[in-house]
Amino acid sequence: SMLVLISPYMLYYGRYARNEVFVALLGVLTLYSILRYLETGKKRHLLLLTTATALHFTVKETAFIYTAQALLFLAFYLFNRVTRLPWKNNGILNGFIVIISIGLLLIGAALGVTIYTRSQATTDAGQTTVPLIPGAPPETAPFAGHLPSVTSLIVLSLFTFIAAAVFLIIGYGWNNLRRERSFDMLILLGTFVLPQLASLPVKALGWNPLDYIFTWPGWTWQTLWAQGPVKTASVLILLVIIAIVVGLLWDWKRWLVNTALFWGIYIIFFSSVFTNWPGLATGLVGSLGYWLEQQGVHRGSQSWYYYLLIQIPLYEYMPALGLGLAAFFGLRRKYPAPLPHKTVSKPDHSAMDVPEAAPTFVLLLWW
């Protein structure tokens, strides 16, 4: 609290009409709810996580970054637990680890290709949302020509992670998996954010996710499919169906309660309290779609080392020192291997025998 109080960043952004102060509050609530649910397994902490996530998505698109960080931490936490507990077959466990490794390598390759192609063709550092010369056509995003290779790597990694999930369910057991608290939060956050990621496949397919204008084309399928909103809606509906199926298979009662809470908050705000229903489209598709379009613009126009070597040492050096201390003490601490789950007929979160706050420092460092 003291560091937040005297933080130059927090003071700068929090003293005028910006939404960063809401982001800071909701980020802390997200962190708190994740750690408390790992420790206690009480349902109210899931409800708090759902509420904080929903409000964050209505406040600012940084919710995508925060949710991605939480999902990565929870996935790492789940991987750490399941690989230290007994499986039905060690061969399946080894296959699971190999497949996960391949998926991570593919993601790393996609990231490397993206960085390389950006360095080969960069836009003007002074360009923001419009060309420098009035009337000139906007420049093409520097990596647009290399999207097929990146997309292919991402699609391959997606298939490998799906295969890893199949190995996990077969080898570790669906009932055991449902008793993992990190898995609960992975399912909830994943199904909440999945429909809002529709802009990613739409953009990868070469369509415009910001095309909301629909003109009635007549009664032919060809003219109907030529409409941008129809293409985007087809991808959105597919992702919604996947989210519903996964959520119901996990725990239909808890999923329906949390989903009703999340989308209730989401719909109220994005529809401007039921007065602007097209706002739902700008939220579901336009929020992420807009920032995908802005990636080639380089609105910050700063060098790659600006945050790490200038802003943090000059302005936020106290939290940086605290980060070093947290890493030192956190990495020195030893944790016992997790105990096997009790055999129960139904998922029972009270059967967790191991303190679930062991990797707390990892999440703190990430934030």
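Data block above holds the structure.
About the cut-offs
- Residues numbered from 1 in each chain as written.
- Predicted model: local features only at pLDDT ≥ 70, side-chain atom pairs only at ≥ 80, totals over all residues.
- Heavy atoms only, no water.
- Helix = DSSP H or I, 4+ residues; strand = E, 2+ residues; numbered from the N terminus.
- Buried < 20%, exposed > 50% of the residue type's maximum accessible area, 1.4 Å probe, protein only.
- Contact = heavy atoms within 4.5 Å.
- Phe/Tyr/Trp six-rings, centres within 6.5 Å; stacked < 30°, edge-to-face > 60°.
- Core = buried A, V, L, I, M, F, W, Y, C linked by side-chain atoms within 4.5 Å.
- Expected span 1.5 Å × (residues − 1).
- Bend = angle between axes of the 7 residues up to and from the residue.
- Salt bridge = Lys/Arg side-chain N within 4 Å of Asp/Glu carboxyl O.
- Patch = residues over 30% accessible without salt bridge, like charges linked within 9 Å, V, L, I, M, F, W, Y side chains within 5 Å.
- Areas by Shrake-Rupley, 256 points an atom, 1.4 Å probe, with all protein chains shown as cover.
- Axes fitted to C-alpha atoms, helices over the stretch in contact; angles between N-to-C directions.
- Parallel < 35°, antiparallel > 145°, perpendicular 65-115°, else oblique.
- Nonpolar A, V, L, I, M, F, W, Y, C, P; charged D, E, K, R; others polar.
- Left-handed = near helix turned anticlockwise from the far one by under 90°.

## Observations concerning the overall build of the chain
And step 1. Counting secondary structure elements, the chain contains 16 helices and zero strands.
And step 2. Counting every position in the chain, which comprises 367 residues, the buried fraction comes to 35%.
And step 3. Within the chain, contacts between residues at least 6 apart in sequence are counted, and of these 74% link residues at least 24 apart.

## Overview of the packing of aromatic side chains
And step 1. Applying the stated criterion to the full structure yields 16 aromatic pairs.
And step 2. With a centroid separation of 5.1 Å and 85° between ring planes, the pair formed by Phe57 and Phe64 is classed as edge-to-face. Summarising the burial analysis for this pair, Phe57 and Phe64 share the class buried.
And step 3. Their ring planes at 25° and their centres at 6.0 Å tell us that Phe262 and Tyr266 sit as a pair that is stacked. Of this pair, Phe262 and Tyr266 both sit in helix 12 (residues 228-270), four residues apart, roughly one helical turn.
And step 4. On the basis of relative accessible area, Tyr266 is assigned to the buried category, the value being 0%.
And step 5. Members of the aromatic cluster, connected to one another through ring pairs, are Phe57, Phe64, Phe192, Phe262, Trp263, Tyr266 and Phe270.

## Points about the nonpolar core
And step 1. The biggest cluster of nonpolar side chains holds 49 residues, and the ones touching the most others in it are Ile34 and Met185.
And step 2. Of all the secondary-structure elements, those providing two or more residues to this core are helix 3 (20-40), helix 4 (43-59), helix 5 (62-82), helix 6 (90-120), helix 7 (147-172), helix 9 (181-193), helix 12 and helix 13 (279-294).
And step 3. By residue number, the principal contributor to this core is helix 12, which donates ten residues.

## Digging into helix 12
Note on helix geometry: an α-helix contains 3.6 residues per turn, so any two residues three or four positions apart are oriented the same way.
And step 1. Helix length check: helix 12 (43 residues) gives 21 Å between terminal C-alpha atoms against 63 Å at 1.5 Å per residue, more than 12% under.
And step 2. At Asp251, helix 12 shows its maximal kink, close to 125°.
And step 3. A positive phi of about 50° marks Ser272, the residue just after helix 12.

## Considering the pattern of salt bridges
And step 1. All chains considered together, the criterion is met by five salt bridges.
And step 2. Here Arg36 ties to Glu39 by a salt bridge, and the two come within 3.0 Å at their closest N and O atoms. Here the residue Arg36 and the residue Glu39 both occupy positions in helix 3, the gap between them amounting to three residues, near one helical turn.
And step 3. What makes Glu39 partly exposed here is its relative accessible area of 36%.

## Quick notes on the environment of Phe270
And step 1. Turning to its location among the elements, Phe270 is positioned in helix 12.
And step 2. Classification of Phe270 as buried rests on a relative accessible area of 16%.
And step 3. Taking the C-alpha atoms as reference points, Phe270 and Leu280, separated by ten residues in sequence, lie 5.5 Å from one another.
And step 4. Excluding anything up to four places from it in sequence, Phe270 contacts Phe57, Thr58, Asn276, Gly279, Leu280, Gly283 and Ser287.

## A word on helix 13
And step 1. Roughly 50° is the biggest bend found in helix 13, and it falls at Gly286.
And step 2. On its buried face, helix 13 sits against helix 5, helix 10 (199-204) and helix 12.

## Regarding a nonpolar patch on the surface
And step 1. On the surface, Met2, Leu3, Leu5, Ile6, Tyr317, Met318 and Leu321 cluster together into a nonpolar patch covering about 730 Å² of accessible area.
And step 2. It is helix 1 (residues 2-6) that contributes the most residues to the nonpolar patch, four residues altogether.
And step 3. Examined against the element boundaries, Leu5 turns out to sit in helix 1.

## Concerning the packing of helix 3 against helix 9
The description of two packed helices rests on the angle between their axes and on the distance between the axes.
And step 1. Between helix 3 and helix 9, the shortest axis-to-axis distance is 9 Å and the interhelical angle comes to 140°. Taken together, the axis directions place helix 3 and helix 9 in an arrangement best described as oblique. The segment helix 3 lies against helix 9, with Ile34, Tyr37, Leu38, Glu39 and Thr40 engaging Arg181, Ser182, Asp184 and Met185.
And step 2. The class makeup of the residues in the contact of helix 3 with helix 9 is four nonpolar, two polar and three charged.

## Some points on the packing of helix 3 against helix 4
And step 1. The geometry of helix 3 relative to helix 4 is characterised by a closest axis approach of 8 Å and an angle of 155° between their N-to-C directions. Comparing their axes, helix 4 and helix 3 come out roughly antiparallel. In this structure, the crossing between helix 3 and helix 4 has a hand that is left-handed. On helix 4, the residues that touch Phe22, Val23, Leu26, Leu29, Thr30, Tyr32, Ser33, Ile34, Arg36, Tyr37 and Thr40 of helix 3 are His45, Leu46, Leu48, Leu49, Ala52, Leu55, His56 and Val59.

## With respect to the environment of Leu238
And step 1. By the secondary structure assignment, Leu238 is in helix 12.
And step 2. Along the primary structure Leu238 and Pro195 are separated by 43 residues, whereas in three dimensions their C-alpha atoms are 8.5 Å apart.

## Quick notes on unusual backbone geometry
And step 1. Its identity is not glycine, yet Ser272 carries a phi of approximately 50°, on the positive side.
And step 2. Mapped onto the secondary structure, Ser272 falls in the loop between helix 12 and helix 13.
And step 3. One non-glycine residue, Val273, adopts positive backbone phi at about 55°.
And step 4. Turning to its location among the elements, Val273 is positioned in the loop between helix 12 and helix 13.

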